[in-house]
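Listed here are the chains, written in short residue letters.
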Amino acid sequence: MNVCCNPFGTSGYSQHSKNLLRGLIKNNADIAIEIWGIPSQDWRGMEPDLNQYIEKDYTYENSLIIAMPEFWKLKTSDHVNSLAYGIFEGTKVPMGWAEAAKNENIKAIICASNHNMEAWLKVLEDEEIINKLQVVHHGVNPDIFKPEGEKDKNFTEEKFRFLFVGGWKDGINDRKGLDLALKAFSEEFKPEENVDFVLKINDAYQSLDQFNYNINSLKLPEKRGKIQIIFGSIPEIELAKVYRSCDVFVMPSKAESFCMPVAEAMAVGLPIIATNYSGYLDYVTKDNLLVRVEKMIQATGEPWWYEQAQWALLDIEDLKKKMRYAYNHREKMKNIGMKNSENVRKNLTWEQSAKKILELAEERLNAK
């Protein structure tokens, strides 16, 4: 099977691609990798364990496409059938994607969650095309994201730490809603309380200057708990150390298709505070702290993707209460975190995700 993707970089698509590829390899899949855009630097040193599959002849009849529907037609033809990922976070996918779904050579549209699939169902009418929709969850690497292991050496002081991991390029208009969590934290926790909010910011989505501008635009009160920032990309093994150094993971997002950082945090053993909405509700159990949705709003992301979609805006007062509860009930939070780890590391791995993809390929593509 030919896998069309870009495993280089730190974007969500790249992280998904490289981890799913490794899951396919663990399942002894016969694959070749066709790269979307070779990096300008020498790619051979970037993900060396994938090199032999990149250099392999990818003249296969069947393909797995990890890209937006705008690109699907570039990798299908009369003699090439494909499985294609249709990742989307909002309530309704773009109408143009419905046209892409009609391509008779696209045999399955893979969604990362039931929320993701519902967004497709709002634009599809033909039963035959609807039957293309299949939910295959993303996963975690349980050998890396686990409770046991080192902590980040930068966090030596004994403190209670909330953690956010993700991008935040659009500030108050961004889908991740980090501004809401920073506002809640700053209003709820005082400097004398032994609590920090750690932000691990993905540089795939914004520069440091843009991030600092977005933070400064919030005009957060000076008298508040400490905010610590880790900006830039780090290897997964180092990211796992950051997770282990914190106590509670906060995801104030307005919409998610799956949200790999939430799954990773759970695998490491963190309890979750998250908006009670979207894709991660497939695996975030109700004993975690789910924040009430105040209202649905027009999505404020790129209009060519989100003009028909809505996102969920959380209730900041409820978020404050949930953060305070977690701070005051530490042992209970630890117990929830350990249950999270057991659940995710058992049921939500990239190897399992890859196995389902291979089963789908056998069913829909008659892959050898």
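Residues numbered from 1 in each chain as written. Predicted model: local features only at pLDDT ≥ 70, side-chain atom pairs only at ≥ 80, totals over all residues. Heavy atoms only, no water.

(A) Quick peek at the sheet that holds strand β1 (residues 2-5). Spatially, β2-β1-β3-β4-β5-β6 is the arrangement adopted by the 6 strands of the open sheet, whose pairing is parallel. On the outer flanks of this sheet lie β2 (32-35) and β6 (133-135), each paired with one strand and no other. Here the strands of the sheet are splayed against their neighbours by 25 degrees on average, with no regard to which way each runs. Judged from the 4 bridges that link them, β1 and β2 form a sheet pairing that is parallel. Across the sheet, Cys4 pairs through a bridge with Glu34, a residue of β2. Where helix α13 (residues 350-365) meets the sheet, its contacts fall on β3 (62-65), β4 (81-85), β5 (106-111) and β6, and the angle it forms with β4 comes to roughly 145 degrees. (Pairing = 2+ DSSP bridges. Helix = DSSP H or I, 4+ residues; strand = E, 2+ residues; numbered from the N terminus. Axes fitted to C-alpha atoms, helices over the stretch in contact; angles between N-to-C directions. Contact = heavy atoms within 4.5 Å.)

(B) Broad picture of the nonpolar core. Core analysis: the biggest nonpolar cluster contains 124 residues, and Leu64, Phe162 and Phe197 have the highest contact counts within it. When residues in this core are grouped by element, the largest group, 7 residues, is from helix α9 (residues 260-268). When neighbours within four sequence positions are excluded, Phe162 is seen to be in contact with Phe185, Phe189, Val195, Asp196, Phe197, Val198, Cys246, Val248, Val250, Ile273, Met323 and Ala326. (Core = buried A, V, L, I, M, F, W, Y, C linked by side-chain atoms within 4.5 Å. Buried < 20%, exposed > 50% of the residue type's maximum accessible area, 1.4 Å probe, protein only.)

(C) Focus on empty space enclosed by the protein. Taken as a whole, this structure holds 1 cavity of 30 Å³ or more when the rule is applied. By volume, the largest cavity is sized at about 40 Å³. Counted by class, the lining of the largest cavity contains 4 nonpolar, 3 polar and 2 charged residues. (1 Å grid on protein atoms, 1.4 Å probe; cavity = no way out; pocket = protein on both sides within 12 Å on 5 of 7 lines; lining within 4 Å. Points joined across faces, edges and corners; volume = space filled by probe spheres on them. Nonpolar A, V, L, I, M, F, W, Y, C, P; charged D, E, K, R; others polar.)

(D) Up close: the layout of surface pockets. Of the pockets and cavities examined, the second largest pocket occupies roughly 580 Å³. The wall of the second largest pocket is formed by 24 residues, among which Lys151, Arg244, Cys246, Asp247 and Lys334 lie closest to the centre. Mapped by element, the contributors of at least two residues to the lining of the second largest pocket are β7 (160-166), α8 (236-244) and α12 (330-347). Ranked by residues supplied to the lining of the second largest pocket, first place goes to α12 with 5 residues.

(E) The arrangement of the state of the cysteines in detail. Enumeration according to the criterion identifies 0 disulfides in this entry. Among the cysteines around Cys4, which has no disulfide bond, Cys5 carries the closest sulfur, lying 7.7 Å off. By relative accessible area, which is 1% here, Cys4 ends up buried. (Disulfide = S-S within 2.5 Å.)

(F) Summary view of the sheet that holds strand β12 (residues 289-291). The 6 strands lie next to each other as β9-β8-β7-β10-β11-β12, forming an open sheet whose pairing is parallel. Looking along the sheet, the strands with just one partner apiece sit at the ends: β9 (226-231) and β12. Across the sheet, the mean angle from the axis of one strand to that of its neighbour is 20 degrees, orientation sign disregarded. Pairing of strand β8 (residues 195-201) with β9, which is carried by 6 bridges, proceeds in the parallel orientation. Among the inter-strand pairings, Asp196 is bridged to a residue of β9, identified as Lys226. Of the strands in this sheet, β7, β8, β9 and β10 (248-251) touch helix α6 (residues 178-188), which is tilted by about 165 degrees from β8.

(G) Focus on the side chain of Glu256. Note on placement: Glu256 falls in the loop between β10 and α9. Among the polar contacts listed, one links the side chain of Glu256 to the side chain of Arg175, at a separation of 3.2 Å. Within the structure, Glu256 has its side chain in polar contact with the side chain of Lys176 (distance 2.8 Å). Apart from the residues lying within four places of it in its own chain, the contact partners of Glu256 are Glu89, His115, Arg175, Lys176, Met251, Ser278, Gly279 and Tyr280. (Polar contact = N/O pair within 3.5 Å; in protein donor to acceptor, adjacent residues only side chain to side chain.)

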